[in-house]
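Letter by letter, the chains look like this.
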Amino acid sequence: MIKIAPSILSADFARLGQEVEDIRAAGADYVHFDVMDGAFVPNISMGIPVLASLRKATDMFLDAHLMVDRPVRYVEQFCNAGADLVNVHVEADTPENISAALEKVRALGVKTGVTLKPGTPTEALLPWLDQVDLVLVMTVEPGFGGQRFMADMLPKIRSLRGWIEERGLKCELEVDGGVDAETAPLCIEAGANVLVAGSAVFRKADRAAAIRAIRGF
Ligand code: DX5
Ligand code: ZN
């Protein structure tokens, strides 16, 4: 089943509770929560207090994408604030510290994810593939919404789908960046099952129609 995870980076932050209610009514599956620290990526978005407020406002699945340097320092706070899944970048720290971060998340009963920047080879995810709940392939350079989809990332999605099937893993395969009604079918064909979409949902007046167009039915 294809899941749609609208990225609230493109939402109206002054009306965040209503925006999330709106995408739930429109058929969204997850809420994608982009955290940017101004160090790992050249932009700053939102963090722990916003996630805690959102947790009180909705019971939707909160998929926290940490674009944060050395996330091991903060993952427990994101879990305690109410994230349902905490996703860290493999480039953000040493492999030992990435493992430690994932361990902390698991210990708190929260789902784990690992992700890659476009320039990082897919093999970099291999050490964690059999222990995480989700892997994310970035199809833009992380840091900003509204960028153009990088079609040259499709082979990464394909490789990961192959590895997941070969190993009989349950982990979800998410794509993030430039996903819209035109690029979503390419991601699905390559094997993705969770599609993040920021501008393609929040910049549209009819969010239900936008989500249907991305899902493909
Ligand atoms: C980029 C973020 C994405 C972004 C997607 O750093 O991780 O989640 O919000 O936005 P669109 O769908 O507009 O590319
Ligand atoms: Zn994201």
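Residues numbered from 1 in each chain as written. Chains lettered and ligands numbered in written order. Predicted model: local features only at pLDDT ≥ 70, side-chain atom pairs only at ≥ 80, totals over all residues. Heavy atoms only, no water.

Any details on the site of ligand 1? Residues and values, ideally.
Of all residues adjacent to ligand 1, which total 20 residues, the nearest are Asp34, Gly143, Asp176, Gly198 and Ser199. Within the side chain of serine 7, a nitrogen or oxygen atom sits 2.9 Å from an oxygen atom of ligand 1. Glycine 198 is positioned such that a nitrogen or oxygen atom in its backbone is 2.7 Å from an oxygen atom of ligand 1. Coverage of ligand 1 by the protein chains reaches 100% of its 380 Å² of free accessible surface. Going through the elements one at a time, strand S2 (30–36), strand S3 (61–67) and strand S8 (194–197) are the ones with two or more residues in the shell around ligand 1. (Near = heavy atom within 4 Å. Polar contact = N/O pair within 3.5 Å; in protein donor to acceptor, adjacent residues only side chain to side chain. Areas by Shrake-Rupley, 256 points an atom, 1.4 Å probe, with all protein chains shown as cover. Helix = DSSP H or I, 4+ residues; strand = E, 2+ residues; numbered from the N terminus.)

Tell me what's going on with the coordination of the zinc ion (ligand 2), and back it up with residues and numbers.
The protein atoms that coordinate the zinc ion (ligand 2) are His32 (NE2), Asp34 (OD), His65 (ND1) and Asp176 (OD), at distances of 2.0 to 2.3 Å. Mapped onto the sequence, the donors of the zinc ion (ligand 2) take the spacing H-x1-D-x30-H-x110-D. Here histidine 65, found in strand S3, pairs with aspartate 176, found in strand S7 (residues 172–176); they are 111 residues apart in sequence, far enough to count as distant. Histidine 65 sits in the buried class, given a relative accessible area of 0%. A residue is classified by how much of its surface remains accessible, and aspartate 176, at 8% relative accessible area, is buried. (Donors = N, O, S within 2.8 Å, 3.2 Å for Na, K, Ca; no water. Buried < 20%, exposed > 50% of the residue type's maximum accessible area, 1.4 Å probe, protein only.)

Describe helix H1 (residues 16–25), with residues and values.
It helps to recall that an α-helix has 3.6 residues per turn; residues three or four apart then point in one direction. Among the residues making up H1, those that are buried are Leu16, Glu19, Val20 and Ile23. End-on, the buried residues of H1 take up no more than an arc of 95°, which puts them together on one face. Just downstream of H1, glycine 27 is the residue with a positive phi angle, here 100°. (Arc of directions from axis to C-beta.)

Before we move on, can you summarise the sheet that holds strand S4 (residues 85–89) with the specific residues and values?
Across the sheet, which stays open at both edges, the 8 strands sit in the order S1-S8-S7-S6-S5-S4-S3-S2 with parallel pairing between neighbours. Strands with a single pairing partner mark the edges of an open sheet, and in this sheet they are strand S1 (3–6) and S2. Direction aside, the axes of adjacent strands within the sheet are offset by 25° on average. The pairing of S3 with S4 spans 4 bridges and is parallel. Bridge pairing in S4 places aspartate 63 opposite leucine 85. (Pairing = 2+ DSSP bridges. Axes fitted to C-alpha atoms, helices over the stretch in contact; angles between N-to-C directions.)

How would you summarise the packing of aromatic side chains if you had to cite specific residues and measurements?
On inspection of all chains with the given rule, the structure shows 1 aromatic pair. The interplanar angle of 25° and the centroid separation of 4.2 Å between the aromatic rings of tyrosine 30 and phenylalanine 61 together place this pair among those described as stacked. Taken together, the residues tyrosine 30 in strand S2 and phenylalanine 61 in strand S3 connect sequence positions 31 residues apart. Side by side, tyrosine 30 and phenylalanine 61 carry an identical accessibility label, which is buried. Across from the ring centre of phenylalanine 40, 4.5 Å away, lies the NZ or CZ of lysine 117, which sits over that ring. (Phe/Tyr/Trp six-rings, centres within 6.5 Å; stacked < 30°, edge-to-face > 60°. Lys NZ or Arg CZ within 6 Å of the ring centre and 35° of its normal.)

Explain the side chain of asparagine 193 to me, and be specific about the residues and the numbers.
Checked against the element boundaries, asparagine 193 lands in the loop between helix H6 (184–190) and S8. A polar contact is formed between the side chain of asparagine 193 and the side chain of glutamate 172, at a distance of 3.1 Å. For asparagine 193, the contacting residues outside a window of four places in its chain are Met1, Ile2, Lys3, Arg161, Glu172 and Leu173. (Contact = heavy atoms within 4.5 Å.)

Provide a residue-level description of the nonpolar core, including the pertinent values.
Grouped together as the largest cluster of nonpolar side chains are 64 residues, with contacts concentrated most on Ile8, Leu66, Val86, Val114, Val135, Leu195 and Ile214. Per-element tally for this core: the top contributor is helix H5 (residues 154–167), with 5 residues. The next biggest cluster of nonpolar side chains, apart from the first, holds 10 residues, and it includes Ala5, Met138, Val140 and Val196. (Core = buried A, V, L, I, M, F, W, Y, C linked by side-chain atoms within 4.5 Å.)

Break down the pattern of salt bridges for me, with residues and values.
Applying the stated criterion to the full structure yields 13 salt bridges. Between arginine 70 and aspartate 69 there is a salt bridge, with its nearest N and O atoms 4.0 Å apart. By relative accessible area, which is 40% here, arginine 70 ends up partly exposed. Here the residues in one salt-bridge network are Arg15, Glu19, Asp22 and Arg207, joined through shared partners. (Salt bridge = Lys/Arg side-chain N within 4 Å of Asp/Glu carboxyl O.)

Any details on the pairing of S2? Residues and values, ideally.
Summarising burial for S2: 7 of the 7 residues are buried, a large majority. Side chains of S2 alternate between two faces, with Tyr30, His32, Asp34 and Met36 and Val31, Phe33 and Val35 buried alike. With 7 bridges joining them, S2 and S3 adopt parallel strand pairing. Residue pairing in the sheet places histidine 32 in a bridge with aspartate 63 of S3. Once the chain exits S2 it traverses helix H2 (residues 48–57) before rejoining the sheet at S3, and the crossover so formed is right-handed. (Right-handed = clockwise from strand over helix to strand, strands pointing away.)

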